[in-house]
There are 2 protein chains.
Amino acid sequence: MDDLALAGYLERSKDRILATLCDWLRIPSISADPAHAGDVANSAEFCARLLREAGLHEVEIIRADAVGADGAGLAPAVYGEWLGAGDGAPTVLVYGHHDVQPVDPLDEWTSPPFEPLVVNGLLLARGSCDDKGQVLMQTEAVRGLLGEMGALPVNLKFLIEGEEEVGSPHFEDLLERERERLATDVIVVSDTTMVAPDIPSTTLSMRGLVCFDVALRTAKSDLHSGLWGGTVPNAALLAARIAASLHDGLGRVTVPGFYDRVRELSDEETRSLGSVPFDEAEFCSQAGVAYLEGEAGRTPYERTGTRPTAEVTGLHAGYGGPGMKTIVPATANIKVAIRLVPDQSPEEIAALFRTWLAAHIPEGVEVTVTPLGGVAPLLTPLDHPAVQTLCGAIERVWDKKPLFTRSGGSGPEEALGRVLGAPVTFLGVGLPGDNFHAPNERLELDQLWRGILAAGELLLDLGTLKVGQ
Amino acid sequence: MDDLALAGYLERSKDRILATLCDWLRIPSISADPAHAGDVANSAEFCARLLREAGLHEVEIIRADAVGADGAGLAPAVYGEWLGAGDGAPTVLVYGHHDVQPVDPLDEWTSPPFEPLVVNGLLLARGSCDDKGQVLMQTEAVRGLLGEMGALPVNLKFLIEGEEEVGSPHFEDLLERERERLATDVIVVSDTTMVAPDIPSTTLSMRGLVCFDVALRTAKSDLHSGLWGGTVPNAALLAARIAASLHDGLGRVTVPGFYDRVRELSDEETRSLGSVPFDEAEFCSQAGVAYLEGEAGRTPYERTGTRPTAEVTGLHAGYGGPGMKTIVPATANIKVAIRLVPDQSPEEIAALFRTWLAAHIPEGVEVTVTPLGGVAPLLTPLDHPAVQTLCGAIERVWDKKPLFTRSGGSGPEEALGRVLGAPVTFLGVGLPGDNFHAPNERLELDQLWRGILAAGELLLDLGTLKVGQ
């Protein structure tokens, strides 16, 4: 790997890079929780400093009052650019995010989520892999290249979002508003995973996402289960029945019309995905589960990558404290996250879900449905030149041709590609065991180091990309 | 009512009684929450003072180290006696409890639960009706009679429990251990309701109760819903399916064998219960619900009084905070309260429930079932002389013959009657709208005043009860 452009820079800089990442990870930038709004703002300032130190210009934090028609709780995004390659050179936009997921259940963390800890080459902290580590991977590649060479063969733009973990509610507004400044020929996203450290891969897709918070009220207040139980409606039971009705006995989502627009894989796609190794025992071990379930007639890999799914992410009703409270609960809350695949649309699925839900709610029950963000699914053709360029960079670093995968996750990438009219490619170095969104999130440092090298190679290679392709 | 023994005493004492009750209600004696153990102890001391001030002797707090084989968290009971009527006179044991239910959801209270407030003749506070108000009703009757007359025609014992609201886990041990000291000819319980202020009634039964906390774990930790969702088990969905399976489409509990020992009502019992007025609209309004449901082919009154029921009292899984967390929850908690009627037994139903539950849990899911107390159902024959004596006392105060009802609630009364070998009678002055176990618990003060008068009449009348009946 000594012939890689950033090999020397990386060896000299590892300690500093790790220390910088740890400093960033100490900022609990949880965008879902309004109590952490100040931390998200501090994280944006930190990120802006990284961009400036990398040699980017016009670094700016795009604040709540700049975009967002609803004006509510916009987490700050960070922008920076280096346009020294000139008009004839291609432009690359790098996307990532600096906000992180909530950390509960806190008692399942083996070390405090915002006190980064390195153990056996793994960096443990919320945000280590999703996504601060992968953003720093990109800024360090730029810092290294500009430091070593003084210039890049591409014009470069960074857009690091601050509300990805809450479904990017204002991101499309931001893209529309900043469309000119953000204009690009190719988009590079670093927020995904590879199959394994020795099986490099790049994803071609992200699933869409549409989420709901459903609040139910069956009575004015909780009622004594002895005096009223057995004949008044029970909000916990109603919520349980609704949640249990979301799938049929074959693991299919029961919302009428849910699968109508799902595009089946072509034979070529099926072959390409079939070559990704899948070890069910290893998969179960990484997930920490004893068995798998889901849509009948589909493999676990299809279920998480190419099929739409609906998960109950939260279910709360009645008493949850110590001991027993003999009540009939009056209120319940259900949170549902639906993942979409081409050609489903968030708007249509949201409407279908609301209709399905209404049919499950008896008259007289108060119901409040709050939509929580929505993004469309994305799929980049595997024969796109930018994808092929990315594959070359990965192959040079990992010394193996990358496989093509489908990511089951969701992000604002579809809006990025659609609004900016550019192909979206994925240089992601997370691993399946990195506990994205879960306790004990981690980053394998060897993946970070290789990712910096690959990000550097990619920027150099993209200089040869024919503009307009 | 001027000819009632305590009429004058009551008129002189109302202000003091109300002030005393408010002082007691300011002590948050929540037995379900270990954080309130000190408050439960303070409440016991307060109660002991009330017994002494009423003229009872040998007042004693029965502490954790005195009973309870498991030694865990026993809340203190209070005992006191007046044995001046001599060996030939009947002995009456008065039972109540000084612990209270938890108060959440706190935001549904119109005034703080432990800051008693009188509004339009209603005393608002946790414990006002269940059961401090009704205990004070009994101590004031004794205080009044001993103060006015210097003696009673019966020997009298008070046993005021401190862990009724957590299912009386140590109460039967206490009864067994103190069987001699507690020996009695009749038991008077004040912890129930009447049909309406102008429709006095006395209950003949309490339902039994067996409760469970079911903890499920489907994975080592929460998982990213995009990367893993759709193929790993979801604890929220499993909990929902289990809860939703607890009843069939006809509202019957699906636990096999659940109804096998349920005694159907005799024709006479059916007639007696049928004469209790029931207004469904009024019932719904008191409950604050828009509709009724439950076991098909049974009236709401039967469902809550004479049929066994199973309620999910708590259901918690996954994320419950603001916004969305896109996880597959790894853990879930279900709390279930099952009410029993003659001749079901808590032990048998507990075993049937565990068998049913096990059949609903896939292999590899960790499950922990914690039983939370259990009491058997109780039924006192309506033609028992003590019941007839009680009816006479109620009729003299309310100027109407009381109806006979069945209480859907549960308590340790069955153990009281069984261990002490005495009939259990119910002088309860709560009302259906008093919000037992719910926010805005209240006591109608007119019911308290009448209850004091009736408790006094009853003690005088019981002097003529033939011992051994």
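As the structure is a prediction and not an experimental result, all values here were calculated from the model.

### Description of the overall build of chain A
Alright, step 1. Helix and strand counts for chain A stand at twelve helices and 19 strands.
Alright, step 2. Scaling as 2.2 N^0.38, a compact globule of 469 residues should have a C-alpha radius of gyration of about 23 Å, and chain A matches this with 23 Å.
Alright, step 3. Expressed along its principal axes, the backbone C-alpha trace of chain A runs to roughly 80 × 50 × 45 Å.
Alright, step 4. The proportion of buried residues among the 469 residues of chain A is 56%.

### What about the environment of Pro412 of chain B?
Alright, step 1. Considering the arrangement of structural elements, one finds Pro412 of chain B in the loop between strand 17 (403-405) and helix 11 (413-420).
Alright, step 2. Linking Pro412 of chain B and Arg307 of chain B, residues 105 residues apart in sequence, is a C-alpha distance of 19 Å.

### Focus: the interface of chain B and chain A
Alright, step 1. Tallying the contact residues gives 85 residues for chain B and 85 residues for chain A.
Alright, step 2. Breaking the side of chain B that touches chain A down by element, the ones donating at least two residues are strand 11 (223-224), helix 5 (235-244), helix 8 (300-305), strand 12 (309-318), strand 13 (327-328) and strand 14 (331-340) of chain B.
Alright, step 3. Among the elements that take part in the side of chain B that touches chain A, strand 12 of chain B stands out by supplying nine residues, more than any other.
Alright, step 4. Here the residues of the side of chain B that touches chain A are counted per class, giving 39 nonpolar, 31 polar and 15 charged.
Alright, step 5. One ladder, built from five bridges, connects strand 12 (residues 309-318) of chain A with strand 12 of chain B; its direction is antiparallel.

### Here's the deal with the sheet that holds strand 4 (residues 117-119) of chain A
All names here are of chain A.
Alright, step 1. Here three strands make up an open sheet; going across it, the order is 4-5-19 and the pairing antiparallel. One side of each edge strand has no neighbouring strand; the edge strands of this open sheet are strand 4 and strand 19 (442-444). Taken over all neighbouring pairs, the strand axes of this sheet differ in orientation by 25 degrees on average, direction set aside.
Alright, step 2. Of the pairings in the sheet, the one linking strand 5 (residues 122-124) to strand 19 comprises three bridges and is antiparallel in character. When the sheet's bridge partners are listed, Leu124 is paired in strand 19 with Arg442.
Alright, step 3. The sheet contacts of helix 12 (residues 445-462) involve strand 5 and strand 19, and relative to strand 19 the element is tilted by about 60 degrees.

### Description of the relation of the copies chain B and chain A
Alright, step 1. Rotating chain B by 180 degrees about the axis while translating it 0.0 Å along that axis superimposes it on chain A, leaving an RMSD of 0.0 Å. Taken together, the rotation angle and the small translation identify this as a two-fold axis.
Alright, step 2. Here 99% of the interface residues in chain B have copies in chain A that are interface residues too; the copies meet face to matching face.

### Regarding the domain arrangement of chain A
Residues and elements named next belong to chain A.
Alright, step 1. Under the domain assignment used here, chain A contains domain 1 (7-206 + 377-462) and domain 2 (208-262 + 308-375).
Alright, step 2. Its C-alpha centre places domain 1 at a distance of 34 Å from the equivalent point of domain 2.
Alright, step 3. In this complex, domain 1 contributes twelve residues to the contact, which on the side of domain 2 involves twelve residues.

### As for the sheet that holds strand 7 (residues 186-189) of chain B
All names here are of chain B.
Alright, step 1. With respect to topology, six strands assemble into an open sheet ordered 1-2-6-3-7-18, the strand pairing being mixed. Sheet topology places strand 1 (57-62) and strand 18 (424-426) at the edges, where each strand pairs with a single neighbour. Going across the sheet, the axis of each strand differs from the next one's by a mean of 20 degrees, ignoring polarity.
Alright, step 2. Relative to strand 2 (residues 77-82), strand 1 is paired through four bridges, and the arrangement is antiparallel. Bridging across to strand 2, Glu60 finds its partner in Tyr79.
Alright, step 3. Helix-sheet contacts for helix 3 (residues 132-149) involve strand 3 (91-97) and strand 6 (155-161), and the interaxial angle to strand 3 is about 145 degrees.

### Notes on the nonpolar core
Alright, step 1. Ala239 and Ala243 of chain A together with Ala239 and Ala243 of chain B are the most contacted members of the largest nonpolar core, which has 268 residues in total.
Alright, step 2. Excluding its chain neighbours within four sequence positions, the residues that come into contact with Ala239 of chain A are Leu216, Leu315, Ala317, Ala332 and Ile334 of chain A together with Leu315 of chain B.

### As for unusual backbone geometry
Alright, step 1. Along the chain, Asp130 of chain A connects to Asp131 of chain A via a cis peptide bond; the corresponding omega equals 15 degrees.
Alright, step 2. Its location among the elements puts Asp131 of chain A in the loop between strand 5 and helix 3 (132-149).
Alright, step 3. Positive phi, close to 60 degrees, is recorded for Asn435 of chain A, a residue that is not glycine.
Alright, step 4. Its location among the elements puts Asn435 of chain A in the loop between strand 18 (424-426) and strand 19.
Alright, step 5. Of note, the phi angle at Glu58 of chain B is positive, near 55 degrees, even though the residue is not glycine.
Alright, step 6. Residue classification places Glu58 of chain B among the partly exposed residues on the basis of 13 C-beta atoms within 10 Å.

### Overview of helix 12 of chain A
Alright, step 1. A rise of 1.5 Å per residue sets the reference length of helix 12 of chain A, with its 18 residues, at 26 Å; its end C-alpha atoms lie 25 Å apart and thus fit the reference within 8%.
Alright, step 2. Judged by how many residues are buried, helix 12 of chain A sits mostly within the fold: 14 of 18 residues are covered.

### Focus on the confidence of the model for chain A
Residue and element names in this part refer to chain A.
Alright, step 1. Across chain A, the average pLDDT comes to 93, with 97% of residues at or above 70.
Alright, step 2. Counted against residues more than four places away or in other chains, residues 68-72, with its pLDDT under 50, gives five contacts.
Alright, step 3. In the predicted assembly, ipTM is 0.80 and pTM is 0.80.

### Quick notes on the environment of Arg49 of chain B
Residues and elements named next belong to chain B.
Alright, step 1. With respect to the helices and strands, the residue Arg49 is situated in helix 2 (residues 37-54).
Alright, step 2. By C-beta crowding, Arg49 is classed as partly exposed, having 15 other C-beta atoms within 10 Å.
Alright, step 3. Arg49 sits eleven residues away from Glu60 along the chain, and the two C-alpha atoms are 10.0 Å apart.

### Details of the packing of helix 10 (residues 385-398) of chain B against helix 12 (residues 445-462) of chain B
Residues and elements named next belong to chain B.
Alright, step 1. The interhelical angle for the contact between helix 10 and helix 12, taken along N-to-C directions, is 140 degrees, at an axis separation of 8 Å. Between helix 10 and helix 12, the crossing angle belongs to the class labelled oblique. As helix 10 runs across helix 12, the sense of the crossing is right-handed. Residues Thr389, Leu390, Gly392, Ala393, Ile394, Arg396, Val397 and Trp398 of helix 10 form the contact with helix 12, whose participating residues are Arg450, Leu453, Ala454, Glu457, Leu458, Asp461 and Leu462.
Alright, step 2. Along the lines of polarity and charge, the residues of the contact of helix 10 with helix 12 split into nine nonpolar, two polar and four charged.

Procedures and definitions
Residues numbered from 1 in each chain as written. Chains lettered and ligands numbered in written order. Predicted model: local features only at pLDDT ≥ 70, side-chain atom pairs only at ≥ 80, totals over all residues. Helix = DSSP H or I, 4+ residues; strand = E, 2+ residues; numbered from the N terminus. Rg over C-alpha atoms; globule rule 2.2 N^0.38 Å. Buried ≥ 20, exposed ≤ 12 C-beta atoms within 10 Å, placed from the backbone. Contact = placed C-beta atoms within 7 Å. Nonpolar A, V, L, I, M, F, W, Y, C, P; charged D, E, K, R; others polar. Pairing = 2+ DSSP bridges. Axes fitted to C-alpha atoms, helices over the stretch in contact; angles between N-to-C directions. Least-squares fit on C-alpha atoms with pLDDT ≥ 70 in both. Domains from an automatic or database assignment. Core = buried A, V, L, I, M, F, W, Y, C linked by C-beta atoms within 7 Å. Expected span 1.5 Å × (residues − 1). pLDDT = per-residue confidence, 0-100. Parallel < 35°, antiparallel > 145°, perpendicular 65-115°, else oblique. Left-handed = near helix turned anticlockwise from the far one by under 90°.

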